[in-house]
Amino acid sequence: MKALEVVRPGALTTVQDLGRPGYAHLGVPRSGALDSGAHALANRLLGNPPRAAALETTLDGVGLRAVGGPVTVVVTGAPCAVRVCGRPAPWGAPLLLPAGAELEVGRAESGVRAYVAVRGGFAVEPVLGSRSTDLLSGLGPPALSAGVLLPVGPAGPDPVAGADALAVPGPPAELVLPLRLGPRADWFTAQSVTGRLLRARYRVSASSNRIGLRTEAGPPLVRARGGELPSEGMVLGAVQVPPDGYPVVFLADHPVTGGYPVIGVVPAGPALDAAAQAGPGLPVRFVIAGR
């Protein structure tokens, strides 16, 4: 059986696919890869189906060793140094790892999360139809630790696509998030919505994680009404405002319900992928979606 052995797990490396949508009524979050575009690219370059499971690293990469035979891998997402048996190797292009060879994925040079895919996908045991690690509910495989063997599934019929002409992205100057206002925008003063949320710059907080991107440093939002809001359903990209007044953008491991008012929603797509790569301290602006 072909597998990849975890030599160095990194700060936080998890198995992620497209998640487990459709179970919110059971209290199960969607989960899945935060940067869906980088995950999709990695699988396409290897000829994998879109749902194939890959690894999502956080900040400082991961170290892996090929066991049981040669495997083909690729690294996408946050640009980083890639080495095979200590020698430099290309980022964003398929790489052949002979049996016993080690892949070292280094620290993110910009962004936060890299994606390591293998031809055939990681064949860990699925839970509710997904192999994703969900940090909130605990479903799926645990975060990686040294010595764990990750089985590799059989390769599909599609060939390895080869490298795209990928330009290595530099660090962004700011994160711009399109926002569809509602359903609870009326819980905030008009000045908070138009004069603060849509005009001010916030900053990505170091407390951000797979559950949500937290903001800080901008002007806190002020409620127009007090009292408590009964818990209601939450969706991917919902912008919830806790009592401190600083918006929180819900990401893949977000809870399915919440009791703080949602001032708007960031639509799924490139903006949420960018949010997945936003490091602490990056300026954040909210703009009305479609403008």
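Everything quoted here is computed from the prediction, not taken from an experiment. (Residues numbered from 1 in each chain as written. Predicted model: local features only at pLDDT ≥ 70, side-chain atom pairs only at ≥ 80, totals over all residues. Heavy atoms only, no water.)

## A closer look at the pattern of salt bridges
Two side chains bearing opposite charge may form a pair once their charged atoms approach each other closely. Tallying each qualifying case throughout the model produces 11 salt bridges. A salt bridge links Arg-285 to Glu-174, with the shortest nitrogen-to-oxygen separation between them at 3.0 Å. Here Glu-174 lies in the loop between β11 (149-151) and β12 (175-181) and Arg-285 lies in strand β20 (residues 283-288), a separation of 111 residues in the sequence. By relative accessible area, which is 28% here, Arg-285 ends up partly exposed. Between Asp-253 and Arg-210 there is a salt bridge, with its nearest N and O atoms 3.0 Å apart. Of this pair, Asp-253 sits in the loop between β17 (248-250) and β18 (257-258) while Arg-210 sits in the loop between β13 (202-204) and β14 (212-216), and the two are 43 residues apart along the sequence. Its relative accessible area of 0% is what places Asp-253 among the buried residues. Assessed through its relative accessible area of 2%, Arg-210 is described here as buried. Put simply, Glu-56, Arg-113, Arg-210 and Asp-253 are held in one network by salt bridges that share partners. (Salt bridge = Lys/Arg side-chain N within 4 Å of Asp/Glu carboxyl O. Helix = DSSP H or I, 4+ residues; strand = E, 2+ residues; numbered from the N terminus. Buried < 20%, exposed > 50% of the residue type's maximum accessible area, 1.4 Å probe, protein only.)

## Quick notes on the side chain of Ser-110
Among the structural elements, Ser-110 can be located in the loop between β9 (102-108) and β10 (114-118). Those residues in contact with Ser-110 that lie beyond four places of it in its chain are Ala-78, Pro-79, Pro-169, Gly-170 and Pro-171. (Contact = heavy atoms within 4.5 Å.)

## Considering the sheet that holds strand β4 (residues 62-67)
Ordered by their spatial adjacency, six strands build an open sheet running β7-β6-β9-β4-β1-β11, and the pairing between neighbours is antiparallel. Two strands in the sheet have a free side with no partner beyond their single neighbour: β7 (87-89) and β11. Geometrically, the sheet is characterised by an average inter-axis angle of 30 degrees between neighbouring strands, direction not taken into account. (Pairing = 2+ DSSP bridges. Axes fitted to C-alpha atoms, helices over the stretch in contact; angles between N-to-C directions.)

## Section: the confidence of the model for the chain
Overall, the predicted model of the chain reaches an average pLDDT of 95, with 97% of residues at or above 70. The element-level mean pLDDT for the chain is lowest in strand β15 (residues 232-233), coming to 93, with strand β3 (residues 54-56) highest at 99. (pLDDT = per-residue confidence, 0-100.)

## Quick look at the nonpolar core
Among the nonpolar cores identified, the biggest contains 33 residues, and Leu-175, Leu-177, Leu-213, Val-249, Ile-263, Val-266 and Phe-286 are the most heavily contacted of them. Of all the secondary-structure elements, those providing two or more residues to this core are β12, α2 (190-197), β13, α3 (270-276) and β20. Not counting the four nearest positions on each side in its chain, Val-249 is found in contact with Leu-177, Ile-211, Gly-212, Leu-213, Gly-237, Ala-238, Val-239, Val-266, Leu-272 and Phe-286. The next biggest cluster of nonpolar side chains, apart from the first, holds 29 residues, and it includes Val-62, Val-82, Ala-89 and Val-116. (Core = buried A, V, L, I, M, F, W, Y, C linked by side-chain atoms within 4.5 Å.)

## Observations regarding the side chain of Ser-132
Structurally, Ser-132 can be placed in the loop between β10 and β11. Taking relative accessible area as the criterion, Ser-132 reaches 0% and is therefore assigned buried. In terms of polar contacts, Ser-132 uses its side chain to reach the side chain of Asp-17, at 2.6 Å. Ignoring any residue separated from it by four or fewer positions in sequence, one finds Ser-132 in contact with Val-15, Gln-16, Asp-17, Gly-19, Arg-20, Ser-31, Gly-32, Leu-139, Gly-140 and Pro-141. (Polar contact = N/O pair within 3.5 Å; in protein donor to acceptor, adjacent residues only side chain to side chain.)

## Re the pairing of strand β1 (residues 3-8)
The pairing of β1 with β11 spans three bridges and is antiparallel. Bridging across to β11, Glu-5 finds its partner in Leu-149. Inspection of the sheet shows β1 paired to β4 by five bridges, in the antiparallel sense. Counterpart to Val-6 in the pairing with β4 is Leu-64.

## Things to note about the sheet that holds β17
Strand order in this closed barrel of seven strands is β12-β19-β16-β17-β14-β13-β20, and the pairing throughout is mixed. Strand after strand, the sheet turns through a mean of 40 degrees between neighbouring axes, direction not considered. Pairing of β12 with strand β19 (residues 262-265) involves two bridges; the strand directions are antiparallel. Bridging from a neighbouring strand, Arg-180 pairs with Val-265 of β19.

## Let's talk about the environment of Gly-195
For Gly-195, the position within the fold is in helix α2. Using a relative accessible area of 24% as the deciding quantity, one classes Gly-195 as partly exposed. A sequence separation of 178 residues divides Gly-195 from Asp-17, and the C-alpha atoms of the two residues are 39 Å apart.

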